[in-house]
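# Architecture at a glance
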Amino acid sequence: MRTIVLILCASCLVASGQTYVTIAQFKQRPFGDSIRTGERIAGRVTVADQFRNTSYIQDGTGGIAVFNSAFRMGVSVGDSVEILAGTLTEFGQTTGQPGTGLAEITGSVVFQVIPGATAEPTPRTASIPSIGEALEGMLVRVRNVEFVETGVFQGDRNYNIRSSAGDQLQVRIDANTEIARNSLPIPTQRVDIIGVLSQFRGTYQLLPRFASDIGLTIEQDTVPKSATFDVTTWNLLWFGTTDTTIGVANKQRQFNSIRMALDSMRSDIYAFQEVTTAHVLDSLASTVQGAYTGYLAPIDQQQKMAYLVNRDVVSVIESGLAVNGGSQAWASGRFPFRLTVRATIGGVERKLVLFAIHAKATGDSTVAQEDWQRRKTDAETFHDYLNTFYTNDAVIVLGDFNDDVTISVVTPNPTPYAVFVEDSANWRILTKPMSELGLRSYIGSSVNARMLDHIIVSNELFGAVHRTYLEAPNAFLSSYTTTVSDHLPVTVRIRLADVIASVATQESQHLRIGPNPVDQRAFLELESHEVAPLRVELLDPAAQRLMLIADEVAQPGVRLLPIECSGLASGVYFVRVQHGTTSTIIPLVVIH
């Protein structure tokens, strides 16, 4: 037994003197006209809360959308309803051309659910050439069509179907549907498709509601979130800035939306990009559900990387920057932000090292090639660094790569991350298949939408990955790209018991050189806990200075210095490191 959800005018429920207006009659009225006193519209619900914002009803004469949150949440598909108040409007019309958008009932909608058995209307079979105004808002079936696109479905995107005669129709996948939430595969065979018919700027769109509407089924993930170690990367679009000219305009709405999304995702570690202040990170940590602590990257830029860590699962061993490259590296100082943790799930404990990155973005066409080259150089240097110093660690690299890992956004270049793609024995890009299937994590522009947010794992984690997927906060957060972020989060779920445990070494973590012996290039990694003078020199076999590598004031954190050896003759050299009041000499063997 269900309760009537919203009754604003009790006098409207008096049975006598009521006039029933058909949907077709109501849609003939001018936009802005309302259901009049004593009138009501009756119909069956074809879409309830399957879409993010809009429901649909129909009678024997036509169908119409209902834009009202109380109605959407208060009805079910197949319900018999009566609408007693509401205004006829049009959504998505081409400017100055009424009738090119979707007719809706909006405003202060008053409705009641008629008690009785539900009965979903039978879809009306229609050919693509017959699609038109008479069918707008109706539940229709289009038979024996094929999708033009391949891959998987993603929410808030348009696809195209084609009949055997070559006629085409646009299919719109709402982000809140189970089709979008589960990234279901686009059928490769001819299928019958069911959906309600919408219209946007003069183009008719078929909107399926369920997986079964396109002949698909859902394979449920039966592994509970509590059984896996879950890590999410998310670019938060100038999160925390008070400047309304950058990022989103309504900062409080953005904060509330991000908090709601995190409560929905419930990951153990979040790697964020574009966090601007420690204050907003701490505020977020204190308001999300669970025991979280924030860690902000110590970089001198407005857009910073950050972590949000679930203390019930994760203990942080240390954090710092992996400083590698010159003054132009990593967007001139936005170096990878390292977080070394010990995670515990179900009594299983593993040490992992995470690197959150926010790579150099692509500017206009005059600098696009240079930006691509900078990303490529950063990736190659970072790859060498990881292979040198983290060969025995379970490593996760994640963040906004600002480029794809299949082919670059700077055409016709290959991906700047080819060094990771080609080193498949040591690294696996978990998001590469998602890119190949057509998924997009950057959705701020339909023209430039690409898979820019990625997750890479080292071979210690190859057998431990349960799932990698795009999150869909845009399924329940309206106007997502203008009020929350222009990126979608990406999550990996890891079975800790299957992670190959890190191999302990006796080497000091304060100062180390690798590879050693070396052929082309070695790296010196120095971990500094204070501000202190740093001078690094390469000495020849006779202990005479050959090269000045660094002469600077080192800041707290990890400093990585490349040592070019390709021009040196084979032999034993020495690296002298003067850090503060300490002087250390380390042998370096060069073999060609």
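Described below are features of the structure shown in this document. Residue positions are counted from 1 within each chain, in the order its sequence is given. Only residues with pLDDT of at least 70 are given local features in this predicted model, and only at 80 or more are side-chain atom pairs given and counted; all residues enter the totals for whole chains, interfaces and linings. Note that water and hydrogens are dropped before the side-chain values are worked out from all heavy atoms of the structure.

Take the environment of R52 next. Looking at the secondary structure, you find R52 in the loop between β2 (39-47) and β3 (55-58). Partly exposed describes any residue whose relative accessible area lies between the buried limit of under 20% and the exposed limit of over 50%, with all areas from a 1.4 Å probe on protein chains only and scaled to the type maximum. Its relative accessible area of 16% is what places R52 among the buried residues. A C-alpha to C-alpha distance of 5.1 Å links R52 and N176, two positions 124 residues apart in sequence. Residue contacts are defined here by distance: any two heavy atoms, one from each residue, within 4.5 Å place the two residues in contact. Here R52 is in contact with R72, D156, D174, A175, N176, N474, A475, F476, L477 and S478, once residues within four sequence places are set aside. N or O atoms within 3.5 Å of each other form a polar contact, as long as, within protein, one can give a hydrogen and the other can take it, and as long as residues adjacent in sequence are counted only when both atoms are side-chain atoms. A polar atom in the side chain of R52 sits 3.0 Å from the side chain of D156. Here N474 takes part through its backbone oxygen, which lies 2.3 Å from a polar atom of the side chain of R52. The numbering of helices and of strands both runs from the N terminus, where a helix is a DSSP run of H or I of at least 4 residues and a strand a run of E of at least 2.

Moving on, we get to the pattern of salt bridges. By definition, a salt bridge exists where a carboxyl oxygen of Asp or Glu is found within 4 Å of a side-chain nitrogen of Lys or Arg. In this structure the tally under the stated criterion is 31 salt bridges. The closest approach of N and O atoms between K376 and E380, which form a salt bridge, is 2.7 Å. Highlighted residues: K376 and E380, both in helix α7 (residues 368-389), separated by four residues, approximately one helical turn. Two residues, K432 and E436, come together in a salt bridge whose shortest N-O distance is 2.6 Å. One end of the pair, K432, and the other, E436, are both in helix α9 (residues 432-436), four residues apart, so they sit about a helical turn from each other.

Within the secondary structure layout, G463 lies in the loop between β22 (453-458) and β23 (465-470). Sequence-distant contacts of G463, that is, excluding residues within four places in its chain, are made with R495 and D498.

To obtain each axis, a line is fitted to C-alpha atoms, and for helices this fit is confined to the stretch in contact; angles are then taken between N-to-C directions over 0 to 180 degrees. With their axes 10 Å apart at the nearest point, helix α4 (residues 251-265) and helix α5 (residues 278-287) run at an angle of 45 degrees to one another. The pairing of α4 with α5 is recorded here as oblique in orientation. Of the two possible hands of crossing, α4 and α5 adopt the one that is right-handed. Side by side, α4 and α5 meet where F255, I258, R259 and L262 of the first sit next to V280, S283, L284 and T287 of the second. Comment on the angle field: the value is read as roughly parallel under 35 degrees, roughly antiparallel over 145, roughly perpendicular from 65 to 115, and oblique elsewhere. Less than a right angle of anticlockwise turn of the near helix away from the far helix marks a crossing as left-handed, whereas a clockwise turn marks it as right-handed.

This part is about the environment of A418. Note on placement: A418 falls in helix α8 (residues 418-422). Of the residues examined, A418 reaches a relative accessible area of 21% and is grouped as partly exposed. The spacing of A418 and K376 is 42 residues in sequence and 8.2 Å in space, taken between C-alpha atoms.

Let us now look at the nonpolar core. Within this scheme, the nonpolar core is defined by two criteria: the residues are buried Ala, Val, Leu, Ile, Met, Phe, Trp, Tyr or Cys, and they are joined through side-chain atoms within 4.5 Å. F229 and F272 are the most contacted members of the largest nonpolar core, which has 90 residues in total. Considering every element that reaches this core, the biggest residue donor is strand β19 (residues 348-358), with six residues. F272 has contacts with W234, L236, L262, L281, L284, K304, M305, A306 and L308, leaving out every residue within four places of it along the chain.

We now examine the sheet that holds strand β28 (residues 545-554). What makes two strands pair is DSSP finding at least two bridges between them. Spatially, β28-β27-β30-β31 is the arrangement adopted by the four strands of the open sheet, whose pairing is antiparallel. Edge positions in the sheet fall to β28 and β31 (582-590), since each of these pairs with one other strand and no more. When the angles between neighbouring strand axes are averaged without regard to direction, this sheet yields 15 degrees. Two strands pair when backbone bridges link them, and strand β27 (residues 532-539) and strand β30 (residues 571-579) are joined in this way by six bridges, in the antiparallel orientation. Each residue of the ladder has a partner; that of E537, found in β30, is R576.

Let's shift gears to the sheet that holds strand β16 (residues 304-310). A sheet is described by the order of its strands in space; here six strands give the open sequence β15-β16-β14-β13-β24-β23, paired in mixed fashion. Where the open sheet ends on each side, the last strands, each with one partner, are β15 (292-296) and β23. Averaged over all pairs of adjacent strands, the angle between their axes in this sheet comes to 15 degrees, without regard to strand direction. In this structure, β15 lies alongside β16, joined through five bridges in antiparallel fashion. If you follow Y295 over to β16, its bridge partner there is Y307. The sheet contacts of α4 involve β13 (229-239), β14 (269-275) and β16, and relative to β13 the element is tilted by about 170 degrees.

Further remarks concern the packing of aromatic side chains. Only centres within 6.5 Å qualify two rings of Phe, Tyr or Trp (six-membered ring in Trp) as a pair; their planes then separate them into stacked at under 30 degrees, edge-to-face at over 60, and tilted for everything else. Counted under the stated rule, the structure contains 18 aromatic pairs. Geometrically, the ring pair formed by F147 and F153 is edge-to-face, given 5.3 Å between the ring centres and 70 degrees between the ring planes. According to the relative accessible area criterion, F147 is buried, its value standing at 7%. Between F239 and F255 the ring centres are 6.0 Å apart and the planes differ by 20 degrees, which places this aromatic pair in the stacked class. Of this pair, F239 sits in strand β13 while F255 is found in helix α4, placing the two residues 16 residues apart along the sequence. Take F239 and F255: they sit in the same class, and that class is buried. Each residue in the set W330, F355, F382, Y385, F389 and Y390 is aromatic and connected to the rest through ring pairs, giving one cluster. Counted as over-ring charges are cases with an Arg CZ or a Lys NZ within 6 Å of the ring centre that also lie within 35 degrees of the ring normal. Here R428 stacks its cationic end above the ring of F462, 4.0 Å away from the centre of that ring. Here the guanidinium or amino end of R512 rests over the ring plane of Y390, the centre of that ring lying 5.4 Å away.

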